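# Coordinates in review
If you want the building blocks of each chain, they are given just below.
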Amino acid sequence: MKFFSANLDSLKKLYVDQLQQLHSAEMQITEALPKMIDAATEPALKQALQTHLRETQGHISRLNQILDLAEGAVDSKKCKGVAALITEGEDIIKDAVDESVRDAGIIAAAQRVEHYEIAAYGTVRTFAEILGEDGQADILEQTLEEEKNADAILTRVSDMANTRANKAA
């Protein structure tokens, strides 16, 4: 993990910087998802999170491949945005006393992370296209579509979970 500031004086350097932050984000997410799975009670939510954990491990593998091609090494740069979103999610898990409210909160927290990732992957995919890295752009597009799908699944699960949470206490 890098502990110094980068000179971002080209799109290529910005691209690599953003990839390194995405790598960190995905690593943080792989640590957070098991906690969310354990805290969730809705079976469809547990399944969606378990599926996305497996996908996230694939995202890390793809980022490793791209970073190795782009830089010759895989470095992470702490993604502060995802770290903050995960902290918010942990607070929800801790603070929600009703299981159905906790499930609704987990979905809300997970969707915040998904939306962050959708924005980030869309950006780096566009950077790759501009830089002429079409193969990398294709790989990033695959991950982007998986993130969009995870968000759509969470939206479907939220229909049930939010209704149950509304009936709590």
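Conventions used here
- Residues numbered from 1 in each chain as written.
- Predicted model: local features only at pLDDT ≥ 70, side-chain atom pairs only at ≥ 80, totals over all residues.
- Heavy atoms only, no water.
- Helix = DSSP H or I, 4+ residues; strand = E, 2+ residues; numbered from the N terminus.
- Rg over C-alpha atoms; globule rule 2.2 N^0.38 Å.
- Buried < 20%, exposed > 50% of the residue type's maximum accessible area, 1.4 Å probe, protein only.
- Axes fitted to C-alpha atoms, helices over the stretch in contact; angles between N-to-C directions.
- Parallel < 35°, antiparallel > 145°, perpendicular 65-115°, else oblique.
- Left-handed = near helix turned anticlockwise from the far one by under 90°.
- Contact = heavy atoms within 4.5 Å.
- Nonpolar A, V, L, I, M, F, W, Y, C, P; charged D, E, K, R; others polar.
- Core = buried A, V, L, I, M, F, W, Y, C linked by side-chain atoms within 4.5 Å.

### Let's talk about the overall build of the chain
What the chain contains, in helices and strands, is five helices and zero strands. Reading the helices (α) and strands (β) of the chain from amino to carboxyl end gives α-α-α-α-α. Taken over C-alpha atoms, the radius of gyration comes to 17 Å for the chain, in line with the 15 Å a tight globule of 169 residues would show. Over its C-alpha atoms, taken along the principal directions, the chain stretches across nearly 55 × 30 × 20 Å. Split into buried and exposed, the 169 residues of the chain put 46% on the buried side.

### Remarks on the packing of helix α2 (residues 43–71) against helix α4 (residues 99–130)
At a minimum axis separation of 13 Å, α2 and α4 run at an interaxial angle of 25°. Considering the angle they form, α2 stands roughly parallel to α4. Once α2 is placed against α4, the crossing between them reads as left-handed. Of the residues in α4, those in contact with Leu 45, Leu 49, His 52, His 59 and Leu 63 of α2 are Asp 103, Ile 106, Ile 107, Ala 110, Glu 114, Glu 117 and Tyr 121. Of the residues belonging to the contact of α2 with α4, the class tally is seven nonpolar, two polar and three charged.

### Observations regarding the environment of Gln 111
Structurally, Gln 111 can be placed in helix α4. Judged by relative accessible area, which is 15%, Gln 111 ranks as buried. With 39 residues separating them along the chain, Gln 111 and Ala 150 place their C-alpha atoms 8.5 Å apart.

### Points about the nonpolar core
Core analysis: the biggest nonpolar cluster contains 22 residues, and Leu 45, Leu 49 and Ile 106 have the highest contact counts within it. For this core, the secondary structure elements donating two or more residues are α1 (11–39), α2, α3 (80–95), α4 and α5 (134–166). Ranked by the residues each element gives to this core, the list is headed by α1, at seven residues. Core analysis: the second largest hydrophobic core is formed by 17 residues, Leu 19, Leu 22, Leu 63 and Ala 70 among them.

### Thoughts on the environment of Ile 130
Inspection of the secondary structure assignment puts Ile 130 in helix α4. Between the alpha carbons of Ile 130 and Gly 105 there is a distance of 38 Å; along the sequence they are 25 residues apart.

Don't take any of this as a statement about function, it's just geometry.
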